[in-house]
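# Summary of the model geometry
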Amino acid sequence: MRVHLRVWRQPAAHAPGGFEEYDLDDVSPDMSFLEMLDILNEQLVAEGREPVAFDHDCREGICGSCGMMINGQAHGPERGTATCQLHMRKFDDGAHIVIEPWRAAAFTVIKDLSVDRGALDRIIQAGGYITAPTGSAPEANSLPVPKEVADASMDAAACIQCGACVAACPNGAAHLFTAAKVAHLNLLPQGQPERFTRVQAMVDEMERWFGSCTMHGECEAACPKEISIDFIALMNRDYVKAQFKNRRLIAQSA
Amino acid sequence: MSDITLDAKIPDGPLADKWDNHRFEVKLVNPSNRRRFEIIVIGTGLAGASAAATLGELGYRVKAFFFHDSPRRAHSIAAQGGINAAKNYKNDGDSIQRLFYDTIKGGDYRSREANTYRLAQVSVEIIDQCVAQGVPFAREYGGLLDNRSFGGAQVSRTFYARGQTGQQLLLGAYQALERQVHLGNVQQYNRSEMLDLVVKDGRAVGVVVRDLLTGQVRSHSAHAVVLATGGYGNVFFLSTNAKASNATAIWRAHRRGALFANPCYTQIHPTCIPASDEFQSKLVLMSESLRNDGRVWVPKEFGDERPPNLIPEEDRDYFLERRYPAFGNLVPRDVASRAIKREVDAGRGVGPLKNGVYLDFGDAITRLGRSVIAERYGNLFQMYERITGEDPYVVPMRIYPAVHYTMGGLWVDYNLMSNVPGLYVIGEANFADQGANRLGASALMQGLADGYFILPNTISDYLAGLLGTAPVPTDDPAFTAAEAEVEERVRSLLAVNGRYTVDHFHRELGKIMWDNCGMARSEESLKKALSEIPSLREEFHRDVRVLGDDRSLNQSLEKAGRVSDFLELAELICTDALHREESCGGHFRVEHQTEDGEALRDDEHFAYVGAWEFSGVGSPPELHKEPLEFEFVHLAQRSYK
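Residues numbered from 1 in each chain as written. Chains lettered and ligands numbered in written order. Predicted model: local features only at pLDDT ≥ 70, side-chain atom pairs only at ≥ 80, totals over all residues. Heavy atoms only, no water.

### Regarding the sheet that holds strand β16 (residues 409-410) of chain B
Sheet strands pair via backbone hydrogen bonds, and the direction of the pair is either parallel or antiparallel. Residues and elements named next belong to chain B. Just so we agree on the cut-off: Strand pairing requires that DSSP identify at least two bridges connecting the strands. For the purposes of this entry, the term helix denotes a DSSP run of H or I that reaches at least four residues, the term strand denotes a run of E that reaches at least two, and both are numbered from the N terminus.
Strand order across the open sheet formed by four strands is β16-β10-β18-β19, with antiparallel pairing between neighbours. Each edge of the open sheet carries a strand with a single partner, namely β16 and β19 (622-627). Summarising the sheet, strand β10 (residues 260-261) and strand β18 (residues 608-613) pair through two bridges and their orientation is antiparallel. Paired with Phe260 across the bridge in β18 is Trp612.

Below, the structure written as structure tokens:
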């Protein structure tokens, strides 16, 4: 099949960028989207032009490295699918495909389709963990976790930190990402001791970098792991509770 | 010739007491002195992230380097099926002794008894640790942990988090690491690739790192260097490894004197999605856990063109169940891979390219219902559907073996230190615990055992002797010379400006390796590979085309450096495979097989670790042998019948 590509090219963060157009004549429907870009890059190098930079690694939809806006949709047209798992059979012969990097204030463009998502790591650093230094753990089965709780926690923990939720959000908010981590840990019995300090620290850090949530719902639609927007409600509830709980703790320590 | 003697430093005493005795004997660093020591960790997969986090918790000052944008992208994240531990929660006869025995037998008796036993001992602590961190393992309705079975075992000892166990374990380690970053105990450097090891007066004193965004080449010094950079399966181009997984860190350390042990022990995983065309960029694994419920078969008749659901039971050959009744579909990976290859080579392959066999869930779906199968393997089925466009609930999966894991790696002693003092190697990057074949769900176990529990308890033995010394300053000639070499190498890759892309050479190398040093190897094929690799390497350095500059993100340049190292490593793999005149585990020499086509070891001549010393590109490496002594297990022909 043939495709016509319009790809965002930008040499560096502060350099101006623009679209360039390319035609590919020999694309197999069994190729993944990234394999199609590999072919483009081979072709560009053969012509003496610099290949398109894009992040990718596992190509199995789990590392979260890849991600681009494809025809205005984060990770492209197929629901619940990261860019690397999108295949060309989902496009028509002769399709025009526009490819852009994630667009969000918190994600600066590094080059072409590659962006800096470091702000997501900073949210985790602020509190996205359970403090359990190595060696101090009790016997694993000493703490039963109801199956429904473990399953719900796992649903949230499936997040791959790709940033599609942020890119899809008209406000550039990272609520779905943050809520997924808050829910993963706050639902579990092991996560209870730090529950309210965690949610406060993570949300406060999130707000330093990202926009606000207006319950638009684009994040859930774009998420390659189909993480539910319900987790945002859970995070918001815990955040409100934290305002009281954490204040009481401060009063006690004074 | 060099005078290296390989001392594995295995502690005395009964097998079960060695680790305890050893922990009592190692020198310690007291808590207030730990902040005087700096440790560099390269790589943040399961082994690296767990090590960096734990060393930070202990109070050491740690610098963690990784080439991804976030530590959580490391390829451990893609491990699907599970992690083994000798908890015996299922009351089905498991024990530390049995996990030890299964692992050493699964490795075809080519690993060290003491290391493997320690791995089995530590396995139970890993599960405790991960649960405490909030890893959402699968649970029974009563809230207790669930298990499933993996290849090479007759017990259920595998803990799992749906089909994303590696992801969840890595997130646990990553979150522990980010906590240490927040506390200031660990400094992390993302998009930073180690391009050389710095050795001074015979000790590892630091590394040279290239910032992938700015191209800046910088040195970092420390009291000890830990490599946790994974395996080298991408030398085959097509593998289940992530695209950027590479051997550069361990290869550069090898060039600086670290011995490379058993490079020919590479694992071909039986259940991967067959290649669909020549543009294929990588192969995708379908978890071994699928063999719990999936049955492997081919049509009995050659050229049977009927769709699988129209082929009746009596016309199907469930060849694993037929040949290995005791273990059935759950034979170890090397055994399953060879059996599948035999069917496809014999012309009974299925699919448009006749390059696969069926993995059929029909029986399981009838027996358990679609929803149970969806709960166990839902994300794997979805992944399969995305890639092939076929629905595995209806049409059997097609699978074929692919390169997956490398048991070989840098040689380390019982402390996980290489022969270069101060250089530690953990996880898949070392050679130690898996022998000639790794059992499923044991890689996660080894990575975390090394990172959480073993290295943090052994590294003090070396550091204690350095108390009161500062790291070598990075303006030392040892550092400036290494930096200059790195910069020269980068410049020379850009300067060639030849005709072919980096991927072109990588593909060619992969083809040579797969055809001649893949699932079946012979003297003839290996000699062929050894004649072809050097000329491909020369052609690469004469005719590769890397565009762009070295002062901004340049992914072709990164790849070029890695492929250039693969082109050197490939020769060592084939050299090792040629010298090992026996078949064992993943290393199958067609000249050495039993009457029914199983691997035939030669314990009299090859019960040793083959550790190679670098002597220059293109010049024959020198072999050092560490004899494997078996005091506690009886060497036997492996049988899964």
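Having seen the structure, we can now continue with the description.
### A closer look at the layout of surface pockets
Residues and elements named next belong to chain B. Test applied: Grid spacing is 1 Å over the protein atoms alone, the probe is 1.4 Å, and a cavity is where that probe fits but cannot get out, while a pocket is an open set with protein on both sides within 12 Å along at least five of seven lines and lining residues have an atom within 4 Å of a point. Grid points are joined across faces, edges and corners, and a volume is the space filled by probe spheres set on the points. Asp, Glu, Lys and Arg are counted as charged, while Ala, Val, Leu, Ile, Met, Phe, Trp, Tyr, Cys and Pro are counted as nonpolar; the rest, among them Gly, fall into the polar class.
What the largest pocket holds in volume is close to 600 Å³. In terms of lining residues, the largest pocket is bounded by 24 residues, among which Leu238, Ala275, Leu283, Lys511 and Trp514 are the most central. Listed by contribution, the elements that provide at least two residues to the lining of the largest pocket are β15 (397-406) and α13 (502-517). Sort the elements by how many residues they give to the lining of the largest pocket and α13 lands first, with five residues. A class-by-class count of the residues in the lining of the largest pocket yields 15 nonpolar, four polar and five charged.

### Concerning helix α2 (residues 46-58) of chain B
All names here are of chain B. Counted only if it meets this: One less than the residue count of a helix, multiplied by 1.5 Å, gives the span that helix is expected to have. In this scheme, a residue with accessible area under 20% of its type's maximum is buried, one over 50% is exposed, and one in between is partly exposed, where area comes from a 1.4 Å probe on protein chains only. Here, residues are in contact when the closest pair of their heavy atoms is within 4.5 Å.
Its 13 residues place the ends of α2 18 Å apart at the C-alpha level, agreeing with the 18 Å of an ideal helix rising 1.5 Å per residue. Of all 13 residues in α2, eleven are buried; the element is thus mostly enclosed. Listing the buried residues of α2 in full gives Leu46, Ala47, Gly48, Ala49, Ser50, Ala51, Ala52, Ala53, Thr54, Leu55 and Gly56. Packed against the buried residues of α2 are β1 (38-42), β2 (61-65), α5 (165-183), β5 (186-189) and α11 (443-463). Positive backbone phi, approximately 115 degrees, marks Gly59, located one or two places after α2.

### Considerations on helix α3 (residues 96-106) of chain B
All names here are of chain B. The set of residues buried in α3 consists of Leu99, Phe100, Asp102, Thr103, Ile104, Lys105 and Gly106. Those residues of α3 that are buried are in contact with β3 (83-84), α4 (113-133) and α11. Residue Asp108 follows α3 closely and has a positive phi angle near 55 degrees.

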